[in-house]
Amino acid sequence: MCRVILNSEFAKHFYNTDIRVYKKIITGGYDVSETAEEICTIRADVQPYSGALAREEYGLDIDRALKVFCDRDERIAEGVYIAVNGTEYIVKYVESWGIGMMIVAQMCGHGAGI
């Protein structure tokens, strides 16, 4: 079995964006309170992604999306949030491979910063 290991030179050139990964905790009844619980921070390759391609490739009905490539991390799953350059996204799809993973994430709200 051949195993490929990503080296630091690869990561330095392609994984050039810091991404904060977190989940939202909502508490309260009438007085709803929302807090963010940090999961981790990763470095990744981030690319804009069209809603038409998301529908065609993965059956996702989303727009204002990103495709993110990073090292494999089991803590990243559908439904967690990521912050990329001050903009919040929700993870809609995750595909893992032996050497890494690909994430499709949709922008939350109207692109408001977090």
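So, a few notes on the structure that sits alongside this text. (Residues numbered from 1 in each chain as written. Predicted model: local features only at pLDDT ≥ 70, side-chain atom pairs only at ≥ 80, totals over all residues. Heavy atoms only, no water.)

1. Side note on the packing of aromatic side chains
The geometry of an aromatic ring pair is captured by the separation of the ring centres together with the interplanar angle, meaning the angle of the planes.
At step 1: Under the criterion given, the structure shown has two aromatic pairs.
At step 2: With a centroid separation of 5.9 Å and 20 degrees between ring planes, the pair formed by Tyr22 and Tyr81 is classed as stacked. Separated by 59 residues along the polypeptide, Tyr22 in strand β1 (residues 17-27) and Tyr81 in strand β4 (residues 81-84) bring together distant segments of the chain.
At step 3: A residue is classified by how much of its surface remains accessible, and Tyr81, at 16% relative accessible area, is buried.
At step 4: Measuring from ring centre to ring centre gives 4.5 Å for Tyr58 and Tyr93, while their planes differ by 35 degrees; the resulting arrangement is tilted. Placement of Tyr58 in helix α2 (residues 51-58) and of Tyr93 in strand β5 (residues 87-96) is noted, with a sequence separation of 35 residues between them.
At step 5: Residue classification places Tyr58 among the partly exposed residues on the basis of a relative accessible area of 24%.
At step 6: The ring of Tyr22 has Arg20 sitting right over it, with the charged end atom 4.3 Å from the ring centre.
At step 7: If you follow Lys24 out to its NZ or CZ, it ends over the ring of Tyr81, 4.5 Å from the centre. (Phe/Tyr/Trp six-rings, centres within 6.5 Å; stacked < 30°, edge-to-face > 60°. Helix = DSSP H or I, 4+ residues; strand = E, 2+ residues; numbered from the N terminus. Buried < 20%, exposed > 50% of the residue type's maximum accessible area, 1.4 Å probe, protein only. Lys NZ or Arg CZ within 6 Å of the ring centre and 35° of its normal.)

2. So, the pairing of β5
At step 1: As paired strands, β4 and β5 are joined by four bridges and run antiparallel to one another. Its bridge partner lying in β5, Tyr81 is registered against Ile90.
At step 2: Remark: four residues form the turn of the hairpin made by β5 and strand β6 (residues 101-107), two consecutive strands paired antiparallel. (Pairing = 2+ DSSP bridges.)

3. As for the nonpolar core
At step 1: Ranked by size, the top nonpolar core spans 18 residues in total, and within it Ile19, Val21, Ile42, Ile76 and Ile82 carry the most contacts.
At step 2: Sorting the residues of this core by element identifies β1, β2 (33-49), β3 (65-70), β4, β5 and β6 as the ones contributing at least two each.
At step 3: Here this core gets four residues from one element, more than from any other, and that element is β6.
At step 4: In contact with Val21, other than residues within four places in its own chain, are Glu38, Ile39, Cys40, Ile42, Ile76, Val80, Tyr81 and Ile82.
At step 5: The next biggest cluster of nonpolar side chains, apart from the first, holds seven residues, and it includes Leu60, Ile62, Ala65 and Met102. (Core = buried A, V, L, I, M, F, W, Y, C linked by side-chain atoms within 4.5 Å. Contact = heavy atoms within 4.5 Å.)

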